[in-house]
Amino acid sequence: MSLKGSASGASAGARHALRVGVIGAGVMGSNHARVLAGLPDVTLVGIVDPLPEHRSRAIELVGCRAFADLDELFTEGVDAVTIAAPTHLHHEIALACITRNIHILVEKPIAPTVQEGRDIVAAARSAGVTLMVGHVERFNPAVAAIKQAISGEDILSIGITRVGPFPPRMSNVGVVIDLAVHDIDLIRWFTESDIVEVQPQLSSAIAEREDIALLQFRTASGVLAHINTNWLTPFKARNVTVATRGKYVMGDLLTRQVTECFGFKPDGSYSMRHLPVGHDEPLRAELIAFLESVRTGSVPAVSGDEGVASLEIAIRCLESPARPAASTARKGPRRIAG
Ligand SMILES: NC(=O)c1ccc[n+]([C@@H]2O[C@H](COP(=O)([O-])OP(=O)(O)OC[C@H]3O[C@@H](n4cnc5c(N)ncnc54)[C@H](O)[C@@H]3O)[C@@H](O)[C@H]2O)c1
């Protein structure tokens, strides 16, 4: 490849427009490009995708340029890229960018394996480029309100429900890597602690991989947490509850309503209030945070190490194989003890 690569000078001096590219013009990449095209001090150089129909769709939706391969984007010169290609390509694409000193935001999960994730982290560190992982839920204003509500509290337990119908395109991962990894990241972020114990229950009702997962965790700080996720619910739901010694916080991540119960009295009474929640589009907030850390050289909001740690826990959850879901009625009468 004969490439210009990084447009350089990203962190030096006055605020100039960063030259940014997007890799992958699928569902997420098109959204990245749409948001980047509307950000101040950003020049969206273009979007890369090998599929002509995906390139045409991006050109039509976003009005940006589109390239058939990475080299064309590198030749244009970019300071930073977001990688929204399929997960199995993250490693190869991330390393190609890092070698050219291009800062990267990698969609979640950072890679298909922990080793590949660690390789990306090590390469970014030794090249001194910014690496952020796209755990976009952290930028959901409802999640930010929950995080603020529990700040300084003694957290006891966390429950997260993330359910919905089967995705229109079935990928080669199950609900744990596709969905639960968001919540594993949230549990680690809320508790600011590592997950040290994992008790997964997985089942496959329709898909080959797990499509139902009930995951229990204990963090190093002693918090108990569980995730209930599946692709068998006819509607989407994303709910978080956090119990602390002083509060019970409930958040609906879709309606963005966050409520806290507090002031528990010996007679069982308590007070309740809705908390203020912002209106930002999570992806916009995420991309602004990424570009800010590119400009300033500060530690990104979701580091590569955090992305790897969440992936590692998700993969540990997959160590026990998914069993077929109970589709047949109970055989024989229930045993009665005694
Ligand atoms: N943060 C989130 O909430 C979230 C949600 C969905 C997907 N994702 C992640 O985003 C990534 C993409 O997922 P998606 O749902 O957009 O998938 P998608 O299949 O819609 O898009 C992937 C795109 O990458 C393109 N592609 C394939 N090979 C490429 C290459 N060598 N170079 C550039 N582009 C290439 C494909 O043609 C396709 O257009 C995955 O890692 C996925 O886990 C994150």
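Just so it is clear, the structure is predicted and the values come from calculations on it, not from any experiment.

Cut-offs used in this document
Residues numbered from 1 in each chain as written. Predicted model: local features only at pLDDT ≥ 70, side-chain atom pairs only at ≥ 80, totals over all residues. Heavy atoms only, no water. Patch = residues over 30% accessible without salt bridge, like charges linked within 9 Å, V, L, I, M, F, W, Y side chains within 5 Å. Areas by Shrake-Rupley, 256 points an atom, 1.4 Å probe, with all protein chains shown as cover. Salt bridge = Lys/Arg side-chain N within 4 Å of Asp/Glu carboxyl O. Helix = DSSP H or I, 4+ residues; strand = E, 2+ residues; numbered from the N terminus. Buried < 20%, exposed > 50% of the residue type's maximum accessible area, 1.4 Å probe, protein only. Contact = heavy atoms within 4.5 Å. Pairing = 2+ DSSP bridges. Axes fitted to C-alpha atoms, helices over the stretch in contact; angles between N-to-C directions. Core = buried A, V, L, I, M, F, W, Y, C linked by side-chain atoms within 4.5 Å. Near = heavy atom within 4 Å. Polar contact = N/O pair within 3.5 Å; in protein donor to acceptor, adjacent residues only side chain to side chain. Nonpolar A, V, L, I, M, F, W, Y, C, P; charged D, E, K, R; others polar. Parallel < 35°, antiparallel > 145°, perpendicular 65-115°, else oblique. Left-handed = near helix turned anticlockwise from the far one by under 90°. Phe/Tyr/Trp six-rings, centres within 6.5 Å; stacked < 30°, edge-to-face > 60°. Lys NZ or Arg CZ within 6 Å of the ring centre and 35° of its normal.

1. Notes on a nonpolar patch on the surface
- On the surface, Tyr-248, Phe-264, Tyr-270 and Met-272 cluster together into a nonpolar patch covering about 420 Å² of accessible area.
- Mapped onto the secondary structure, Tyr-270 falls in the loop between β13 (257-262) and β14 (271-274).
- Accessibility expressed as a relative area gives 46% for Tyr-270, which makes it partly exposed.

2. Considering the environment of Pro-165
- Among the structural elements, Pro-165 can be located in the loop between β7 (155-163) and α7 (175-191).
- Expressed as a C-alpha distance, the spacing of Pro-165 and Ser-269, which sit 104 residues apart in the sequence, is 38 Å.
- Those residues within four positions of Pro-165 in sequence are excluded, and the remaining contacts are Trp-231, Thr-233, Pro-234, Phe-235 and Lys-236.

3. Here's the deal with the sheet that holds strand β5 (residues 103-107)
- Pairing is parallel across the open sheet formed by six strands, whose spatial order is β3-β2-β1-β4-β5-β6. A strand with exactly one partner marks an edge of an open sheet, and here the two such strands are β3 (66-67) and β6 (131-134).
- Strand direction decides the pairing type here: strand β1 (residues 18-23) and strand β2 (residues 42-48), joined by six bridges, are parallel. For Gly-21, the partnering residue across the bridge sits in β2 and is Gly-46.
- Packed onto the sheet, helix α4 (residues 90-99) meets β1, β4 (80-83) and β5 and runs at close to 170 degrees relative to β5.

4. What to know about the nonpolar core
- Residues Ile-104 and Phe-217 are the most contacted members of the largest nonpolar core, which totals 95 residues.
- With ten residues, α7 is the largest single contributor of residues to this core.
- What Phe-217 contacts, discounting residues up to four positions off in sequence, is Ile-184, Ile-187, Ile-195, Glu-197, Val-198, Val-223, Leu-224, Ala-225, Ile-227, Ile-313 and Cys-317.

5. Looking at the site of the ligand
- In the region of the ligand, 24 residues are neighbours, and Met-28, Asp-49, His-54, Thr-87 and Lys-108 sit closest.
- The side chain of His-90 places a nitrogen or oxygen atom 3.0 Å from an oxygen atom of the ligand.
- Across the complex, the protein chains shield 79% of the 840 Å² of accessible surface that the ligand would expose by itself.
- In terms of residue class, the shell around the ligand is made up of 13 nonpolar, seven polar and four charged.

6. A look at the pairing of strand β11 (residues 237-244)
- When you tally the buried positions in β11, you get six out of eight residues, the bulk of the element.
- Here β7 pairs with β11 via eight bridges, running antiparallel. Looking at the pairing, Ile-160 lines up with Val-240 of β11.
- Two elements, β11 and strand β12 (residues 247-252), share five bridges in a ladder whose sense is antiparallel. Across the sheet, the residue bridging to Ala-243 is Tyr-248, located in β12.
- Between β11 and β12, which pair antiparallel and follow one another directly, the connecting turn spans two residues.

7. Digging into the packing of helix α1 (residues 27-37) against helix α8 (residues 282-296)
- The interhelical angle for the contact between α1 and α8, taken along N-to-C directions, is 70 degrees, at an axis separation of 10 Å. The angle between the axes of α1 and α8 places the two elements in the roughly perpendicular class. Crossing hand, α1 versus α8: right-handed. In this structure, α1 uses Asn-31, His-32, Val-35 and Leu-36 to contact α8, whose residues at the interface are Leu-283, Arg-284, Leu-287 and Leu-291.
- Considering only residue class, the contact of α1 with α8 consists of five nonpolar, two polar and one charged.

8. A word on the packing of aromatic side chains
- Evaluation of the coordinates by the stated rule reveals three aromatic pairs.
- Both rings, one in Phe-264 and one in Tyr-270, keep their centres 6.2 Å apart while their planes meet at 70 degrees; by these two values the pair is edge-to-face.
- Residue classification places Phe-264 among the partly exposed residues on the basis of a relative accessible area of 43%.
- Note that Lys-147 overlies the ring of Trp-189, its terminal NZ or CZ placed 5.0 Å from the centroid.
- Its end group placed over the ring of Phe-262, Arg-273 keeps NZ or CZ at 4.0 Å from the ring centre.

From the geometry alone we can't say anything about function, so treat these as descriptive.
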